[in-house]
Amino acid sequence: MTLWGGRFNSGIDDAVFNLSRSVHFDWRLAPYDLRSSLAHTEVLEKNGIITVDLAAQLRKAIKQLQVEVKNGFFAPLPEDEDVHSALERGLKEKIGDLGGAIRAGRSRNDQVATDFRLYLIDHMIELSGELIKLEEAIIKLAQEYVEDIAPGFTHLQHAQPISFAHEIAKHAHALVRDISRIKDWLARSNFSPLGAGALAGSSLPLTPEESAKNLGFAGIVANSIDAVSDRDFAAEALFIMATIGIHLSRIGEEWCLLSSTEFGWAEIDDAFATGSSIMPQKKNPDVAELARGKAGRFIGNLTGLLAVLKGMPFAYNRDLQEDKEYVFDSVENLLLLIPPVTGMIATTKFNRAKMKTAAPLGFSLATEIADYLVKQGVPFSEAHEAAGACVKMCEVRGIALHELSDQELLNAHPKLNPSVRSALELEGAVKGRTAKNSASPASVKIQISNLEDALKKDLAWSSNERERFSGMMSQ
Ligand code: ARG
């Protein structure tokens, strides 16, 4: 069924119908469409556009449909064009042609924009809940390894030793930013397009501020053309989801590397790994690999929507029907991906001894020699040169920095006394990095406790929003 046709002599060609049909994907909007129909009914009634009796009939039918959509009793038919037409058919099946009264002062243009915003608000809040659980798992894991020293890397080469918790916890900081992006996004996107009509608003005496309030929005979109044509809220949400995807991909890559035989630091729990159909010895990090691989689609979905939006003229154009699948795909894949990544992180065990043994390798304490000389008043460039000379001597003799003789140290720099060896002691070197954001166990402990505070606040925010939104949906 289509919602138009009065001016046409013939029905549309099947191929055109197939092209324009969207109900097979936009059916996901059904609960939001019904909820916004309830809000619209109230506005129509309050402003005397429909009678109290008709409003009651509409309300009853919409509420029945809400139940039937939920339990699958009412579903789209092949002849339904989109979610809006399918649900109008549902209304008419219940109360006859009176069901069409709900269309007054409303167009599918403002309707779809409203439904889509509600869908995204609901799912971005859900996403924040999943991110918080992931963050919790990361923080817990970090806490276990505060006192464990590991090599820190730059360029994938040993750089400087660190508390291993520092390495783990950095992922939680990225997620804190992601959640703050969702909060900002919500503040900017929580405005209602309903009442904008096709593009110019309605000549019926309606009060869209009321339906906005009824739907939990902070207000109405200020310009009715912008209300039906703007999809910044979807593009921004896709950017946030792509960024989350990139963060997950970086976790994925680290877990792949650290669980490889060459590293042998991470033991992924059996429940979060898979086997090989041909090589019985294999334990593969598929969760980590999918976390890495799915980033591709999150980025693709963002660039796909941006390309649809580029050059879009005036108000609504049918191009905008192409906005939804990108968003559904990112939302559904992230909600699929985050729980197993959380499980993998919560159950991974790291080999403390192996990490500690690896920590000083690759002359990762060479910066300590340079810093020691700087403390003696030597300019850093000269100190860097001397530390480099020490590394060179070690490489030639196949020894570690602390094994250089007193004379060799003096040869590298006259101010390089044997006391430098205390700076080359692993634990001491890591402990020395005392700034608030640095890699010593003491600093990392403070950072973790700050993360816990942020987590508590985010959890309170997310559950409040969850409650607010589901309260609105169940009215
Ligand atoms: N299915 C359409 C979409 O997703 C609904 C709006 C259609 N509006 C129109 N004027 N044909 O964009």
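Each value, and the rule that gives it
Residues numbered from 1 in each chain as written. Predicted model: local features only at pLDDT ≥ 70, side-chain atom pairs only at ≥ 80, totals over all residues. Heavy atoms only, no water. Core = buried A, V, L, I, M, F, W, Y, C linked by side-chain atoms within 4.5 Å. Buried < 20%, exposed > 50% of the residue type's maximum accessible area, 1.4 Å probe, protein only. Contact = heavy atoms within 4.5 Å. Salt bridge = Lys/Arg side-chain N within 4 Å of Asp/Glu carboxyl O. Helix = DSSP H or I, 4+ residues; strand = E, 2+ residues; numbered from the N terminus. 1 Å grid on protein atoms, 1.4 Å probe; cavity = no way out; pocket = protein on both sides within 12 Å on 5 of 7 lines; lining within 4 Å. Points joined across faces, edges and corners; volume = space filled by probe spheres on them. Nonpolar A, V, L, I, M, F, W, Y, C, P; charged D, E, K, R; others polar. Pairing = 2+ DSSP bridges. Disulfide = S-S within 2.5 Å. Near = heavy atom within 4 Å. Polar contact = N/O pair within 3.5 Å; in protein donor to acceptor, adjacent residues only side chain to side chain. Areas by Shrake-Rupley, 256 points an atom, 1.4 Å probe, with all protein chains shown as cover. Axes fitted to C-alpha atoms, helices over the stretch in contact; angles between N-to-C directions. Parallel < 35°, antiparallel > 145°, perpendicular 65-115°, else oblique. Left-handed = near helix turned anticlockwise from the far one by under 90°. Expected span 1.5 Å × (residues − 1). Phe/Tyr/Trp six-rings, centres within 6.5 Å; stacked < 30°, edge-to-face > 60°. Lys NZ or Arg CZ within 6 Å of the ring centre and 35° of its normal.

Caption draft 1: Fine view of the nonpolar core. The biggest cluster of nonpolar side chains holds 110 residues, and the ones touching the most others in it are Leu120, Leu248, Trp255, Ile345 and Phe350. Each residue touching isoleucine 345, except ones within four places of it in the same chain, is listed here: Leu134, Ala137, Ile138, Leu141, Ile251 and Trp255. Ranked by size, the runner-up nonpolar core spans 26 residues in total, among them Leu401, Val420, Leu426 and Ala429.

Caption draft 2: Looking closely at the pattern of salt bridges. Scanning all chains against the criterion turns up 32 salt bridges. Among the salt bridges present, the one from arginine 103 reaches glutamate 88, with a minimum N-O distance of 2.9 Å. Of this pair, arginine 103 sits in the loop between α5 (83-95) and α6 (108-144) while glutamate 88 sits in helix α5, placing them 15 residues apart in sequence. The exposure class assigned to glutamate 88 is buried, which follows from its relative accessible area of 5%. Of the charged contacts, one joins glutamate 408 and arginine 397 as a salt bridge, the two residues approaching to 2.7 Å between their closest N and O atoms. You can see glutamate 408 sitting in helix α17 (residues 406-412) and its partner arginine 397 sitting in helix α16 (residues 380-397), a full eleven residues away along the chain. Relative accessible area serves as the criterion here: at 13%, glutamate 408 is assigned to the buried category. Given a relative accessible area of 45%, arginine 397 falls into the partly exposed group. When salt bridges that share partners are traced, they join Glu81, Asp82, Arg108 and Arg318 into one network.

Caption draft 3: Spatial organisation of empty space enclosed by the protein. In total, this model carries one cavity of 30 Å³ or more according to the counting rule given. Its volume calculated, the largest cavity comes out at about 40 Å³. If you trace the largest cavity, you find it lined by His40, Val43, Leu194, Gly195, Leu206, Pro208 and Ser211. Elements with a contribution of two residues or more to the lining of the largest cavity: α3 (30-46) and α8 (208-214). Partitioning the lining of the largest cavity into residue classes produces four nonpolar, three polar and no charged.

Caption draft 4: Quick look at the pairing of strand β2 (residues 157-163). The sheet contact formed by strand β1 (residues 149-154) and β2 spans six bridges and is antiparallel. Looking at the pairing, proline 151 lines up with proline 161 of β2. With antiparallel pairing between neighbouring strands as the criterion, β1 and β2 make up a hairpin whose turn holds two residues, including histidine 155 at a positive phi of roughly 55°.

Caption draft 5: Seen up close, the layout of surface pockets. Reported here for the largest pocket is a volume of approximately 720 Å³. If you go around the largest pocket, you meet 28 residues; those closest to its centre are Phe153, Glu167, Lys170, Arg250 and Glu254. Looking at the lining of the largest pocket, the elements that each hand over two or more residues are β1, β2, α7 (164-189) and α10 (232-258). Among the elements that make up the lining of the largest pocket, the one with the highest residue count is α7 (nine residues). In terms of residue class, the lining of the largest pocket is built from 13 nonpolar, eight polar and seven charged.

Caption draft 6: Structural view of the state of the cysteines. Enumeration over the complete set of coordinates arrives at zero disulfides. Cysteine 390 takes part in no disulfide bond, and the closest cysteine sulfur, belonging to cysteine 394, lies 6.8 Å away.

Caption draft 7: The site of the ligand, seen in detail. Taken together, the residues surrounding the ligand are Ser22, Asp26, Asp82, His84, Arg108, Asn109, Val112, Tyr316, Arg318, Gln321 and Lys324. Serine 22 is positioned with one of its side-chain polar atoms (N or O) 3.4 Å from a nitrogen atom of the ligand. Aspartate 82 has a polar side-chain atom sitting 3.1 Å from a nitrogen atom of the ligand. Its free accessible area being 340 Å², the ligand has 86% of it covered by the protein chains. The leading source of residues in the shell around the ligand is α6, at three residues. Split by residue class, the shell around the ligand holds two nonpolar, four polar and five charged.

Caption draft 8: Representation of the packing of helix α4 (residues 52-70) against α5. It is at 10 Å that the axes of α4 and α5 come closest, and there the two elements cross at 120°. In terms of their interaxial angle, α4 and α5 are classed as oblique. Pair α4 / α5 crosses with right-handed handedness. Along its contact with α4, which presents Gln57, Leu58, Ala61, Ile62, Gln64, Leu65, Glu68 and Val69, the element α5 presents Leu87, Gly90, Leu91, Lys94 and Ile95. A per-class count over the contact of α4 with α5 returns eight nonpolar, three polar and two charged.

Caption draft 9: A look at the environment of lysine 349. Along the polypeptide, lysine 349 turns up in strand β6 (residues 349-350). Linking lysine 349 and isoleucine 399, residues 50 residues apart in sequence, is a C-alpha distance of 31 Å. Each residue touching lysine 349, except ones within four places of it in the same chain, is listed here: Tyr145, Trp265, Ala266 and Glu267.

Caption draft 10: Representation of helix α12 (residues 295-309) in the model. Taking 1.5 Å as the rise per residue, α12 with 15 residues should run 21 Å; its terminal C-alpha atoms sit 22 Å apart, in good agreement. Residues of α12 that are buried: Ala295, Phe298, Asn301, Leu302, Gly304, Leu305, Val308 and Leu309. At its buried positions, α12 is contacted by α10, α11 (286-293) and α13 (324-347). Following α12 by one or two positions, glycine 311 adopts a phi angle in the positive range, close to 75°.

Caption draft 11: Geometry of the packing of aromatic side chains. Scanning all chains against the criterion turns up 13 aromatic pairs. Here tyrosine 145 and phenylalanine 164 contribute two aromatic rings whose centre-to-centre distance is 5.9 Å and whose plane-to-plane angle is 85°, an arrangement assigned as edge-to-face. Remark: phenylalanine 164 occurs in helix α7 and tyrosine 145 occurs in the loop between α6 and β1; sequence separation between them is 19 residues. Ring-pair connections join several aromatic residues into one group, and the members of that group are Tyr145, Phe153, Phe164, Trp255, Phe263, Trp265 and Phe350. We note arginine 7 situated over the ring of phenylalanine 8; from NZ or CZ to the ring centre the distance is 5.6 Å. Here the guanidinium or amino end of lysine 324 rests over the ring plane of phenylalanine 116, the centre of that ring lying 5.8 Å away.

Shape descriptors only; they carry no functional weight alone.
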